[in-house]
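So the chains spell out like this:
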Amino acid sequence: EAGVAQSPRYKIIEKRQSVAFWCNPISGHATLYWYQQILGQGPKLLIQFQNNGVVDDSQLPKDRFSAERLKGVDSTLKIQPAKLEDSAVYLCASTSTGTSGGAGSYEQYFGPGTRLTVT
Amino acid sequence: AQSVTQLGSHVSVSEGALVLLRCNYSSSVPPYLFWYVQYPNQGLQLLLKYTSAATLVKGINGFEAEFKKSETSFHLTKPSAHMSDAAEYFCAVRGGGTSYGKLTFGQGTILTVHP
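The structure displayed is predicted, hence computed values, not measured ones.

Colleague: Can you lay out the overall build of chain B for me, pointing to particular residues and giving the numbers?
Modeller: Counting its secondary structure elements, chain B contains zero helices and 11 strands. Secondary structure of chain B in N-to-C order comes out as β-β-β-β-β-β-β-β-β-β-β. Rg of the C-alpha trace for chain B: 14 Å, near the compact-globule value of 13 Å for 115 residues, within the 12% margin. Among the 115 residues that make up chain B, the fraction classed as buried is 45%. With 8 positive and 6 negative side-chain charges, chain B shows a spacing of 11 Å between the two charge centroids.

See below:
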């Protein structure tokens with residue numbers, strides 16, 4: 001089966017510009033996650049969707065970040081305006097279960113990520 | 001709340017030597033624990049997971065980890081390192097409550113394998 005797809009793979013922008021990332025999860029996966037991975041750190045969850053609803057966005061800087069998953073399939077993450085500290089890899093992941101279910105179904109499958117550099 | 005601490009941001013071993021990557025966790029609920037590997041410019045790949053069944057978990061590529069509740073640890077081991085094991089490794093704990101499914105990651109350990 002096809003994996004999680006992300007685009008673009010790399011993006012360089014100047015501070016105060018806007019940028020958008022796209023993610024297409026594995027077919028049939030109801031839950032989608034966006035993580036931010038700053039160099040030298042582990043990934044940090046930004047937002048979690050269950051179908052097209054938000055489950056957790058407590059770590060999303062809502063003054064500049066937004067995300068949507070309109071049809072419960074693919075998703076976009078936007079930053080406007082970007083700051084230097086937003087330079088990171090943005091990882092998308094998906095899993096086949098929602099907020100309940102057997103523990104074995106909680107494997108998250110990760111895409112290759114988008115590396116953002118803000119200058 | 002959950003947290004993960006990986007002891008040692010860099011570990012270096014010789015090819016054929018034992019690999020030991022340390023992970024300690026904190027969780028207010030019974031944890032589910034994971035080890036992921038990340039190769040340069042790639043996403044994370046699951047190595048193994050603990051889901052409250054056997055405490056000794058075997059994963060891909062010869063890796064295994066042992067869940068020790070009394071020590072709140074989930075260390076990753078491999079008896080004999082291979083050059084292809086060089087990568088960054090992340091330990092993660094799965095949260096509960098409204099963030100069911102959310103993973104909290106450690107800061108990562110970079111494994112270097114010398115010939």
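Colleague: Could you give me a rundown of the interface of chain A and chain B, with the residues and numbers involved?
Modeller: Opposite the 25 residues of chain A that make contact, chain B presents 22 residues. Roughly 1,800 Å² is buried in total at the junction of chain A and chain B, and carbon and sulfur atoms are behind 52% of that figure. At the junction of chain A with chain B, the criterion picks out zero salt bridges. Joining chain A to chain B, the criterion identifies four residue pairs in polar contact (both at pLDDT 80 or more). Contributions of two or more residues to the side of chain A that touches chain B are made by strand S4 (31-37), strand S5 (44-50) and strand S6 (53-56) of chain A. When residues of the side of chain A that touches chain B are assigned to their parent elements, the largest contribution, three residues, is made by S4(A). For the side of chain A that touches chain B, the residue count by class is 11 nonpolar, 10 polar and four charged.

Colleague: Lay out the sheet that holds strand S7 (residues 64-68) of chain B with the relevant residues and their values.
Modeller: Residue and element names in this part refer to chain B. In space, the five strands of this open sheet follow the order S1-S3-S8-S7-S6, with antiparallel pairing throughout. Looking at strand neighbours, the two that pair on one side only are strand S1 (2-7) and strand S6 (56-58), the edges of this open sheet. Shown here is a sheet whose adjacent strand axes are inclined to one another by a mean of 20°, direction ignored. As defined by bridge partners, S6 adjoins S7 across three bridges and the pair is classed as antiparallel. Paired with Val 57 across the two strands is Ala 65, which belongs to S7.

Colleague: Run through the nonpolar core, naming residues and quoting values.
Modeller: B:Trp35, B:Leu47, B:Leu48, B:Phe74, B:Leu76 and B:Tyr89 are the most contacted members of the largest nonpolar core, which totals 26 residues. When residues of this core are traced back to their parent elements, those giving at least two are strand S2 (10-14), strand S3 (19-27), strand S4 (32-38), strand S5 (44-50), S7, strand S8 (73-78), strand S9 (87-94) and strand S11 (109-114) of chain B. Core analysis: the next-biggest nonpolar cluster, separate from the first, contains 21 residues, A:Cys23, A:Trp34, A:Ala82 and A:Tyr90 among them.

Colleague: Tell me about the packing of aromatic side chains, and please be specific about residues and values.
Modeller: Two numbers describe a pair of aromatic rings. These are the distance of the centres and the angle of the planes. Using the criterion set out here, one finds 14 aromatic pairs over all chains in the structure. Measuring from centroid to centroid gives 5.4 Å for A:Phe110 and B:Tyr36, while their planes differ by 80°, and the two rings are edge-to-face. With one member in each of two chains, A:Phe110 in strand S10 (residues 109-110) and B:Tyr36 in strand S4 form a pair that bridges those chains. Taking relative accessible area as the criterion, A:Phe110 reaches 11% and is therefore assigned buried. Taking relative accessible area as the criterion, B:Tyr36 reaches 0% and is therefore assigned buried. Between B:Tyr50 and B:Phe74, the ring centres sit 6.3 Å apart and the planes meet at 50°, which makes this aromatic pair tilted. Placement of B:Tyr50 in strand S5 and of B:Phe74 in strand S8 is noted, with a sequence separation of 24 residues between them. Given a relative accessible area of 0%, B:Phe74 falls into the buried group. Put simply, the rings of A:Tyr33, A:Tyr35, A:Phe110, B:Phe34, B:Tyr36, B:Phe90 and B:Phe105 touch in pairs and so form one group of aromatic residues.

Colleague: Describe in detail the sheet that holds strand S3 (residues 19-24) of chain A, supporting the description with residues and values.
Modeller: All names here are of chain A. On the basis of which strands lie adjacent, the open sheet formed by four strands has the order S1-S3-S8-S7 and antiparallel pairing. Of all the strands in the sheet, the pair left with one neighbour each is strand S1 (5-7) and strand S7 (65-68). Here the strands of the sheet are splayed against their neighbours by 15° on average, with no regard to which way each runs. Judged from the five bridges that link them, S3 and strand S8 (residues 75-79) form a sheet pairing that is antiparallel. Counterpart to Trp 22 in the pairing with S8 is Thr 76.

What counts, and where the lines are drawn
Residues numbered from 1 in each chain as written. Chains lettered and ligands numbered in written order. Predicted model: local features only at pLDDT ≥ 70, side-chain atom pairs only at ≥ 80, totals over all residues. Heavy atoms only, no water. Helix = DSSP H or I, 4+ residues; strand = E, 2+ residues; numbered from the N terminus. Rg over C-alpha atoms; globule rule 2.2 N^0.38 Å. Buried < 20%, exposed > 50% of the residue type's maximum accessible area, 1.4 Å probe, protein only. Lys, Arg positive; Asp, Glu negative; His and termini not counted. Charge placed at Lys NZ, Arg CZ, Asp CG, Glu CD. Contact = heavy atoms within 4.5 Å. Buried area = accessible area lost by both parts, 1.4 Å probe. Salt bridge = Lys/Arg side-chain N within 4 Å of Asp/Glu carboxyl O. Polar contact = N/O pair within 3.5 Å; in protein donor to acceptor, adjacent residues only side chain to side chain. Nonpolar A, V, L, I, M, F, W, Y, C, P; charged D, E, K, R; others polar. Pairing = 2+ DSSP bridges. Axes fitted to C-alpha atoms, helices over the stretch in contact; angles between N-to-C directions. Core = buried A, V, L, I, M, F, W, Y, C linked by side-chain atoms within 4.5 Å. Phe/Tyr/Trp six-rings, centres within 6.5 Å; stacked < 30°, edge-to-face > 60°.

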